[in-house]
Amino acid sequence: MLEIKSVNLKRSAVDTLVVPVCEDQDIHDDPTVTSLVDAAKALEEFNGKKGERLTLFAPADTRIARVVFFGLGNTANLTGETLRSVAGKAVQHGIHCGLSRLTLATPDAADLPVDSETIFRSLAEGAILANHLFDRYKQEKEKKPLKRVVLTGSAAQKKVCADLIERTAAICQGSILAREWVTTPSNEKRPEAFAERIQAVSAPAGLTVKIMDERWLKKQRFGAMLAVGQGSSAKPRLVTVDYHPKGAKKTLVLVGKGVTFDSGGLNLKSAGGIETMKMDMAGAAAVAGTLLALARLKPDLRVVGVMPLVENMPSGTAIRPGDIVRTYAGKTVEIGNTDAEGRLILIDAMAWAIDQFKPDTVIDLATLTGACMIALGEKIAGVFSTDADLARAIVASGEATFERCWHLPLPEDYKDLLKNEFADLNNMSSSRYGGAITAALFLSAFVGETRWAHIDIAGPAWIKKAADYCGAGGTGFGVRLLCDWIEKMQA
Ligand code: BES
Ligand code: ZN
Ligand code: ZN
């Protein structure tokens, strides 16, 4: 769908040319683009201010049918994210107008505050991600995705960036897949069905997929995970997706919370709280999406995705507050609240994965707590780790990808809040404060000495209203973040 191409804008016939414009400085080198920008800025209504848009039709001395200018504000604002956004807006505008192709004038002036790799990568990301529409359930498709986006660039740049574009496309494919799954309604992704979907896309990509059923989980004594699943008529599954290149020296395990619907269980959620709980498998979706991307990126380490899939439902067979379960690791847990189910499935999956794969590092992604959203809002994830370097690296990848993360603490003394009279631990804190922290501390009791980070994505996994390069619904948060972190770890 996307390519870098050298285009002679003075002579070539172009359908739609998109031109990002800064207010204070010309960010283009091509004389045709520069004179078009001058013509646009000569008009009262356009100065290149952030958020401005102007369309000129059939400008003189060109064979361009229309030029759409997007204002970016001052050049100092030119970052990976503003470029992702402008490419996303351009694609959305193109889709809205019913176009099938766009040519985007890549900013290429000397002295820009971003390097040319970041420029191409960000524009490609924004364009590819914005071109995804979730309309599977609409009988009448109002919009059609674009067929082609061209980023202008020299033949030399095309060659240098070919690999970059292929990698970006691979990562975006993973994000889009995660978005699709998160937005898919729970009636079509109950644990067995979701497991099969993961297998259906992962196996053809060359990944090794295993689906473990309830009998296997019972035999392996996944007591906490089974307890969460026991209220539903759809039985739990554990899925592993293994990327295992020859000669790999390190192993990374990625664990994703896969609650295909979180009703809260007998501690039933309120009408407002339950509404979007089909998204409670976003951790698992991000892990599966990341593995699909890695199959194309081919990093030099083993990465195993581990996805515990359950449906949390109230029923005559559901777990009750006060029940005590024996976890895979052997520790017992009293169920203080059946709505704190994510941590229960994660501890069994993580403890088992550590036994099974002896990983160097474990990272889990989970829509774990409403408290994390209270702390950081809807766009920033919380990162917890006993390894400060690991947390720092994840936060840095969050900056690079704009899948933003904030490092939160794991204070030793807060562990007292999880103490229980009758069992080794309670799954709920005795304090109503610091819920994201106590949830993370609960997880930490099951990872031993293994290098581990937990990313609470309760906020950013979902958006209510479409943004510049993401439609409403699942965001795919975590795929770009993890791929960036893995790529940098390799470097
Ligand atoms: N899935 C929820 C957390 C959540 C809330 C994700 C809102 C996305 C948006 C989780 O299972 C949950 O219910 N957590 C409880 C824990 C509490 C009972 C200790 C919470 O955050 O209220
Ligand atoms: Zn819950
Ligand atoms: Zn949940």
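Residues numbered from 1 in each chain as written. Chains lettered and ligands numbered in written order. Predicted model: local features only at pLDDT ≥ 70, side-chain atom pairs only at ≥ 80, totals over all residues. Heavy atoms only, no water.

**Student:** Tell me about the coordination of the zinc ion (ligand 2), and please be specific about residues and values.
**Tutor:** For the zinc ion (ligand 2), the full set of protein donor atoms is Asp-262 (OD), Asp-339 (O), Asp-339 (OD) and Glu-341 (OE), and the range of their distances to it is 2.0 to 2.2 Å. In this structure, the zinc ion (ligand 2) is surrounded by six donor atoms whose angles at the metal cover 71 to 167°, and the resulting shape is irregular. Donor residues binding the zinc ion (ligand 2) come from one chain and are separated in sequence as D-x76-D-x1-E. Separation of the zinc ion (ligand 2) from the zinc ion (ligand 3) amounts to 3.2 Å, with Asp-262 serving as a shared donor to the pair. (Donors = N, O, S within 2.8 Å, 3.2 Å for Na, K, Ca; no water. Tetrahedral: all angles 85-135°; square planar, octahedral: opposite > 155°, others 65-115°.)

**Student:** Lay out the coordination of the zinc ion (ligand 3) in plain terms, naming residues and giving numbers.
**Tutor:** Summarising the metal site, the zinc ion (ligand 3) is bound by the protein donors Lys-257 (NZ), Asp-262 (OD), Asp-280 (OD) and Glu-341 (OE), whose distances to it range over 2.0 to 2.4 Å. The site at the zinc ion (ligand 3) holds six donor atoms, and with the angles between them running 77 to 173°, its shape is octahedral. The motif formed by the donor residues of the zinc ion (ligand 3), counted along the single chain, is K-x4-D-x17-D-x60-E.

**Student:** Pulling in residues and values, what's your account of the packing of aromatic side chains?
**Tutor:** One pass over the structure, following the stated rule, counts nine aromatic pairs. Their ring planes at 55° and their centres at 5.5 Å tell us that Trp-216 and Phe-222 sit as a pair that is tilted. On the basis of relative accessibility, which here comes to 0%, the residue Phe-222 falls in the buried class. Pairing Trp-352 with Phe-357 gives two aromatic rings, centres 5.6 Å apart and planes at 85°, and the pair type is edge-to-face. According to the relative accessible area criterion, Phe-357 is buried, its value standing at 13%. Sitting over the ring of Phe-446, Lys-331 keeps its end group 5.2 Å from the ring centre. (Phe/Tyr/Trp six-rings, centres within 6.5 Å; stacked < 30°, edge-to-face > 60°. Buried < 20%, exposed > 50% of the residue type's maximum accessible area, 1.4 Å probe, protein only. Lys NZ or Arg CZ within 6 Å of the ring centre and 35° of its normal.)

**Student:** Provide a residue-level description of the environment of Ala-205, including the pertinent values.
**Tutor:** Its place among the elements puts Ala-205 in the loop between α5 (191-202) and β7 (208-212). Between the alpha carbons of Ala-205 and Gly-342 there is a distance of 29 Å; along the sequence they are 137 residues apart. If we ignore the near neighbours within four places in the chain, the residues touching Ala-205 are Leu-292 and Ala-295. (Helix = DSSP H or I, 4+ residues; strand = E, 2+ residues; numbered from the N terminus. Contact = heavy atoms within 4.5 Å.)

**Student:** Give me the sheet that holds strand β17 (residues 425-426): which residues, what numbers.
**Tutor:** Read across the open sheet, the three strands follow the order β12-β13-β17; overall the sheet is mixed. Of all the strands in the sheet, the pair left with one neighbour each is β12 (324-326) and β17. In the sheet, β12 pairs with strand β13 (residues 332-334) via three bridges, with the strands oriented antiparallel. Note that in β13 the partner of Ile-324 across the bridge is Glu-334. (Pairing = 2+ DSSP bridges.)

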